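# Structural characterization, general
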2 protein chains.
Amino acid sequence: MRIIVDIMSGDRAPKEQLLGVCRAAKQTYAKGVDFTLVGNEEIMRQLAKENKLDISNFEIKNTTEVLTMCDEPMSVMREKKESSLGVGLRALAAGEGDAFVSSGNTGALFCGSSLIVKRVKGIQRAAIGAVLPLTSPLILMDSGASVKVSDEYLHQFAIMGSAYMSAIYGVKSPRVAILNNGSEASKGTELQIAAYERLLHDEKLNFVGNVEGNKLPFDACDVAVCDGFVGNVVLKSIEGMGKLFSNELKTMFKKNPLRVLSYLLVKRGLDDFKKKFDAKEHGGAPILGISKVVIKAHGSSDGKAFSNAIRQAITCVNQGVVDIIAADAARLAEEKKRAASDEQ
Amino acid sequence: MRIIVDIMSGDRAPKEQLLGVCRAAKQTYAKGVDFTLVGNEEIMRQLAKENKLDISNFEIKNTTEVLTMCDEPMSVMREKKESSLGVGLRALAAGEGDAFVSSGNTGALFCGSSLIVKRVKGIQRAAIGAVLPLTSPLILMDSGASVKVSDEYLHQFAIMGSAYMSAIYGVKSPRVAILNNGSEASKGTELQIAAYERLLHDEKLNFVGNVEGNKLPFDACDVAVCDGFVGNVVLKSIEGMGKLFSNELKTMFKKNPLRVLSYLLVKRGLDDFKKKFDAKEHGGAPILGISKVVIKAHGSSDGKAFSNAIRQAITCVNQGVVDIIAADAARLAEEKKRAASDEQ
């Protein structure tokens, strides 16, 4: 197995990305895994020297350009095609590796994955699946890539999310729900109502109905499907609330000496608490529906977070997530064809 | 001033509602305010007796029916028109009071307000404005009433939310933002893009652009506008996250004796913390755009929460929120007319 890694993209690139891949390469899960680093060779060698990192076992693909957060998503196809992100994706498409990991511009990574690496046959739209660190892990499909979706897309998102949760988290028969403004089948817009019908009639899915926002954190489902607009707003709101609570707790503990003492007594618990809700601990978000494994690591990833994203990529390859999705997509296409011929 | 109060609707009605109105009536803010209680007179008199409550100063409108959470919203116009919710709204429409407060079925209260009490002239759609207890209070317009809205509705939601935050919270020139999946003007669907244009060109509004979910909790704006689907999901997600954090904290503090000690040292701070994020402390959500003041109290309101919702209704009447919204709506209509004649 070979993992292609974008060293140059991300708020803390290239240093943390380089630290991350070196960290990952030493772990048991990376035994027998080869790495290709994409980035400015000179800078990487210099960094490795400064930080006493051994990068002699890695293949290096030299690039001089970087695609930033300010670049348009489509720039990966045009003016920034020679960026580490663009070169990495083309190497993946050319079969030079099994997975690609990048902390770069989400939009560009999504567009580039769809247009360069291409979607799995039958999948109409890829989706970003952020895994929310709640009572139990939950994948939000889509987390922000496509603001406009159809009920058929949502059906495919459900299938891809199920495949992922089952392969990566070992969830048997993942519970799929539609994120909605009420629990009844009639709730939502035409989109949710039509998707409800579709999911209800897919016998291969463990569809548990609609889930409301207040139930989302309490293990109500393993996969929540929604359009990317709602997914983005909910994901970021949850992130923001986590930060707000953490800040408020800090302020509370600092208010007087007794509380500072209390803080010291409970510090480890609070650290665990913070860790539990920290996105960094949970690696990156898979871009599902692409014909190869693509993992979007958090933009602000440090070395540890980035190594977690690499681990995730390795697990996806080992578990054959893409093949599972391809088989499901073929089943859906087959069923659609049969339904169409039944109607005639 | 006379406030009409629905005593029979809500998870803990009629007891907590009756306690709430008695509690409110004793406060300074209710000096000179008269109350009309709508509900089953026999039950109310019995409850008053059992709880030693003096309800002799209240006018009573006897009703025997109750509209429940399971009833269809439109039932307030038909089979449940004699419910406390329906009778209260008709009394408000008939000019028998200045405001109506109910913990009842949100959909029915919204429909009934729009159809019985009627909207302010020029307002195309009323909205429910939940006030989120974050770093600073923030009104979410719409919080769940209308899953489908136009950019013109969003413009009116912005104006109504501004009027409310300015009148009730004393915010000078409230900052209005569109809840969106990115900060740039080009973000979102056609709805958000068109609304951006509208808000940007309204010189009377303090439009601060788009706000993302992760910025929402950190005093980024005073009014956030969105469709009711997104509003509902975000509002409930925030509620759910609050509950999750509170549960996790409890578990953490109970883990060992030292932590229990720590908990005792910090208990008051934690109580304040919980209080800060407790919707009950913040009264109810106004239904804005209606020609009279209507306050939706939380379904699970206890007496204290319900009295807070009554206080909110009194403040709305005192501050003339409806008149302010009517003047703004007239201005918008005037500007629309002028723009149309300019185009000819």
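Residues numbered from 1 in each chain as written. Chains lettered and ligands numbered in written order. Predicted model: local features only at pLDDT ≥ 70, side-chain atom pairs only at ≥ 80, totals over all residues.

### Quick look at the pairing of strand β10 (residues 285-288) of chain A
Residue and element names in this part refer to chain A.
- Residue alternation in β10 divides its side chains into two sets, A285 and I287 and P286 and L288, and both sets are buried.
- Sheet analysis places strand β5 (residues 127-133) next to β10, joined by 2 bridges and oriented antiparallel. Directly across from A127, in β10, lies its bridge partner L288.
- As defined by bridge partners, β10 adjoins strand β11 (residues 293-296) across 2 bridges and the pair is classed as antiparallel. Bridge pairing in β11 links P286 to I295.
- With antiparallel pairing between neighbouring strands as the criterion, β10 and β11 make up a hairpin whose turn holds 4 residues, including G289 at a positive phi of roughly 105°. (Buried ≥ 20, exposed ≤ 12 C-beta atoms within 10 Å, placed from the backbone. Helix = DSSP H or I, 4+ residues; strand = E, 2+ residues; numbered from the N terminus. Pairing = 2+ DSSP bridges.)

### Structural notes on the interface of chain B and chain A
- Taken together, the contact between chain B and chain A spans 42 residues of the former and 41 residues of the latter.
- Put simply, the parts of the chain that give the side of chain B that touches chain A at least two residues each are α7 (228-253) and α8 (257-276) of chain B.
- With 17 residues, α7 of chain B is the single largest residue contributor to the side of chain B that touches chain A.
- Per-class residue counts for the side of chain B that touches chain A are 22 nonpolar, 12 polar and 8 charged. (Contact = placed C-beta atoms within 7 Å. Nonpolar A, V, L, I, M, F, W, Y, C, P; charged D, E, K, R; others polar.)

### Considering the sheet that holds strand β10 (residues 285-288) of chain B
Residue and element names in this part refer to chain B.
- Pairing is mixed across the open sheet formed by 11 strands, whose spatial order is β3-β2-β1-β4-β11-β10-β5-β6-β9-β7-β8. In this open sheet, the two edge strands, each paired with only one partner strand, are β3 (59-62) and β8 (206-211). Strand-to-strand twist across the sheet, computed as the mean angle between neighbouring axes with direction ignored, equals 25°.
- In this fold helix α3 (residues 84-93) packs onto β1 (2-6), β2 (34-39), β3 and β4 (99-102), with an angle of close to 165° to the strand it touches most, β1.
- Along the sheet, α7 contacts β5 (127-133), β6 (137-141) and β7 (175-179); its crossing angle with β6, the most-contacted strand, is approximately 145°. (Axes fitted to C-alpha atoms, helices over the stretch in contact; angles between N-to-C directions.)

### Quick word on the environment of K254 of chain B
- Secondary-structure assignment places K254 of chain B in the loop between α7 and α8.
- Sequence-wise, K254 of chain B and A340 of chain B are 86 residues apart; in three dimensions their C-alpha atoms are separated by 66 Å.

### Structural notes on the confidence of the model for chain A
- The pLDDT averaged across chain A works out to 93; a share of 98% of its residues lies at or above 70.
- Across the assembled chains, the prediction reports ipTM 0.90 with pTM 0.92. (pLDDT = per-residue confidence, 0-100.)

### As for the pairing of strand β11 (residues 293-296) of chain B
All names here are of chain B.
- Neither face of β11 is open: one carries V293 and I295, the other V294 and K296, and all of them are buried.
- Where β4 meets β11, 4 bridges bridge the pair, whose relative direction is parallel. By the bridge assignment for β11, V101 is matched with I295.

### Describing the nonpolar core
- Counting 220 residues, the largest nonpolar core has A224 and V225 of chain A together with A224 and V225 of chain B as the members making the most contacts within it.
- Once you skip the residues sitting within four places of it in the chain, A224 of chain B turns out to touch L138, L140, A177, L179, V211 and L216 of chain B. (Core = buried A, V, L, I, M, F, W, Y, C linked by C-beta atoms within 7 Å.)

### So, the relation of the copies chain B and chain A
- Mapping chain B onto chain A calls for a screw motion: a turn of 180° about the axis and a shift of 0.0 Å along it, with 0.0 Å RMSD after fitting. In the structure described here, the two chain copies are related by an operation that fits a two-fold rotation axis. Proximity to the rotation axis, assessed at the C-alpha, singles out S262 of chain B in chain B; its C-alpha lies 2.1 Å from the axis.
- The overlap is high: 98% of the interface residues of chain B also sit at the interface in chain A, so the same surface is used on both sides. (Least-squares fit on C-alpha atoms with pLDDT ≥ 70 in both.)

### A few points about the packing of helix α7 (residues 228-253) of chain A against helix α8 (residues 257-276) of chain A
Residues and elements named next belong to chain A.
- Where α7 contacts α8, the axes come no closer than 10 Å and their chain directions differ by 160°. Here α7 is positioned roughly antiparallel relative to α8, judged by the angle of their axes. Seen from above, α7 lies across α8 with left-handed handedness. Within the contact between the two elements, α7 uses S246, M252 and F253 and α8 uses R259, V260, S262, Y263 and K274.
- By residue class, the composition of the contact of α7 with α8 is 4 nonpolar, 2 polar and 2 charged. (Parallel < 35°, antiparallel > 145°, perpendicular 65-115°, else oblique. Left-handed = near helix turned anticlockwise from the far one by under 90°.)

### Topic: the sheet that holds β10 of chain A
All names here are of chain A.
- With respect to topology, 11 strands assemble into an open sheet ordered β3-β2-β1-β4-β11-β10-β5-β6-β9-β7-β8, the strand pairing being mixed. Of all the strands in the sheet, just β3 (59-62) and β8 (206-211) have a single pairing partner and so form its edges. Adjacent strand axes in the sheet meet at a mean angle of 25° when their direction is disregarded.

### Remarks on unusual backbone geometry
- Look at the link from M141 of chain A to D142 of chain A: it is a cis peptide, with omega at 10°.
- P14 of chain B follows A13 of chain B through a cis peptide bond whose omega is 0°.
- The topology assignment puts P14 of chain B in the loop between β1 and α1 (15-25).
- Phi is positive for K52 of chain B, close to 50°, though the residue is something other than glycine.
- As for its placement among the helices and strands, K52 of chain B is situated in the loop between α2 (41-50) and β3.
- Classification of K52 of chain B as exposed rests on a count of 7 C-beta atoms within 10 Å.
- We note that D219 of chain B has phi near 55°; this positive angle belongs to a residue other than glycine.
- In this fold, D219 of chain B is placed in the loop between β8 and β9 (223-225).
- Judged by the 13 C-beta atoms lying within 10 Å of it, D219 of chain B falls in the partly exposed class.

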